[in-house]
Amino acid sequence: MVEDVSFRVARGEVLGLVGESGSGKTTTALALVGYARPGIRIAGGTVEVAGKLLSGLPEADVRRQRGRLISYVPQDPAAALNPSVRVGDQVAHMLRRHVTSADVEQRVAETLELVQLPSGREFRRRFPHQLSGGQQQRVAIARTLAIEPRILLMDEPFSALDEPTRLEMQELLVGIWHRIQPTIFCVTHSVAEAVYLGERLWIFSQAPGQIAYDIRDEIPFSAGIPPLKAQEQPEFKIATAAVTEAFRRVLEE
Ligand SMILES: Nc1ncnc2c1ncn2[C@@H]1O[C@H](COP(=O)(O)OP(=O)(O)OP(=O)(O)O)[C@@H](O)[C@H]1O
Ligand SMILES: [Mg+2]
């Protein structure tokens, strides 16, 4: 359950969401996309994004309203990809739904390159089960980036990746932010990742799920600096320590 989760976010802001398991990060992310989770009742409140009301609408209307405004990388990459659709079509499908562009093929190739996947014919013809977990995650990210959304919601997008790839993807995400400047909500279990990616950080607390801390001021601007380099900087270390300490307090409450 989440309760009294209320916030305003500026356009182009990058938020890192942390909190222990079950504290409501995914539920909050889904509410933002306009979905209530199966079996969950929204008892009150509204979700409004860029002046459009998303809450309380039938599913089809939510989809229409959401349009290119928001795209979402779910916690489970398997849930993002249709197992019977080839890589190229996964990305193209999103594009065709939202963009009336003659050069879909070109956009698909560019987007795959953006997430550092092969963009050639062989790779594009593969099915999700013919990819590694990390490649699946990249395809899930590519498909949401293809439409250049104004709001990008990512629920533990890099959790299945090894450390070097994870760092690469963090840097990539910062690069993407520079290119299309979406508002980004990134759920993560890593404080260092949240501090690196985010310029604002939320720590969720349990039962009921709430935003216990909304931290902005102490988070250094690390855009353009590779993660390992950023992590060596004193202001980054101070921020990580402060957030870790706040996280510890939340866990003890
Ligand atoms: N379909 C559901 N029906 C009932 N309760 C649910 C449902 N899905 C999640 N919950 C509950 O809602 C609360 C918040 O869950 P949520 O998935 O948002 O947590 P989370 O912070 O994303 O956790 P994690 O880090 O494990 O992904 C939890 O107490 C969970 O048990
Ligand atoms: Mg979750």
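Residues numbered from 1 in each chain as written. Chains lettered and ligands numbered in written order. Predicted model: local features only at pLDDT ≥ 70, side-chain atom pairs only at ≥ 80, totals over all residues.

With that settled, consider the sheet that holds strand 7 (residues 200-205). Pairing is mixed in the open sheet, where six strands are placed in the order 4-5-6-1-7-8. Sheet topology places strand 4 (70-73) and strand 8 (210-215) at the edges, where each strand pairs with a single neighbour. Averaged over neighbouring strand pairs, the angle between their axes works out to 20° when direction is ignored. Inspection of the sheet shows strand 1 (residues 14-19) paired to strand 6 (residues 183-187) by four bridges, in the parallel sense. Each residue of the ladder has a partner; that of Gly 16, found in strand 6, is Cys 186. Of the strands in this sheet, strand 4 and strand 5 (151-155) touch helix 7 (residues 133-145), which is tilted by about 180° from strand 4. (Pairing = 2+ DSSP bridges. Helix = DSSP H or I, 4+ residues; strand = E, 2+ residues; numbered from the N terminus. Axes fitted to C-alpha atoms, helices over the stretch in contact; angles between N-to-C directions. Contact = placed C-beta atoms within 7 Å.)

When strand 1 meets strand 7, the two strands line up parallel, connected through five bridges. Along strand 7, the bridge assignment pairs Gly 19 with Phe 204. Note: strand 7 against strand 8, five bridges, orientation antiparallel. Bridge assignment links Ser 205 to a residue of strand 8, and that residue is Gln 210. The turn linking strand 7 back onto strand 8 is made up of four residues, and Ala 207 within it adopts a positive phi angle of 45°.

Looking now at the environment of Ser 23. Note that Ser 23 resides in the loop between strand 1 and helix 1 (25-33). Between the alpha carbons of Ser 23 and Gln 206 there is a distance of 4.5 Å; along the sequence they are 183 residues apart. If we skip the residues at most four places from it in the chain, Ser 23 touches Phe 204, Ser 205, Gln 206 and Gly 209.

Take helix 8 (residues 163-180) next. Between its first and last C-alpha atoms helix 8 spans 26 Å; for 18 residues at 1.5 Å apiece the expected length is 26 Å, and the two agree. Those residues of helix 8 that fall on the buried side of the exposure criterion are Met 169, Gln 170, Glu 171, Leu 173 and Val 174. Tucked inside the fold, the buried residues of helix 8 contact helix 9 (191-197) and helix 10 (227-232). Just beyond helix 8, the residue with positive phi is Gln 181, at close to 45°. (Expected span 1.5 Å × (residues − 1). Buried ≥ 20, exposed ≤ 12 C-beta atoms within 10 Å, placed from the backbone.)

With that settled, consider helix 11 (residues 234-252). In a regular helix each residue adds 1.5 Å, so 19 residues correspond to 27 Å; helix 11 covers 27 Å between its end C-alpha atoms and thus fits that length. Among the residues of helix 11, those classed as buried are Phe 236, Ala 239, Thr 240, Val 243 and Phe 247. Taken around the axis of helix 11, the buried residues stretch over an arc of 100°, which confines them to a single face. When the buried face of helix 11 is taken as reference, the exposed residues oriented beyond 90 degrees from it are Pro 234, Glu 245, Arg 248 and Glu 252. (Arc of directions from axis to C-beta.)

Glancing now at the confidence of the model for the protein. Counting all residues, the mean pLDDT for the protein is 84, and 87% of those residues have values of 70 or more. No element of the protein has a lower mean pLDDT than helix 2 (residues 59-66), which averages 68, and none a higher one than helix 6 (residues 121-124), which averages 96. (pLDDT = per-residue confidence, 0-100.)

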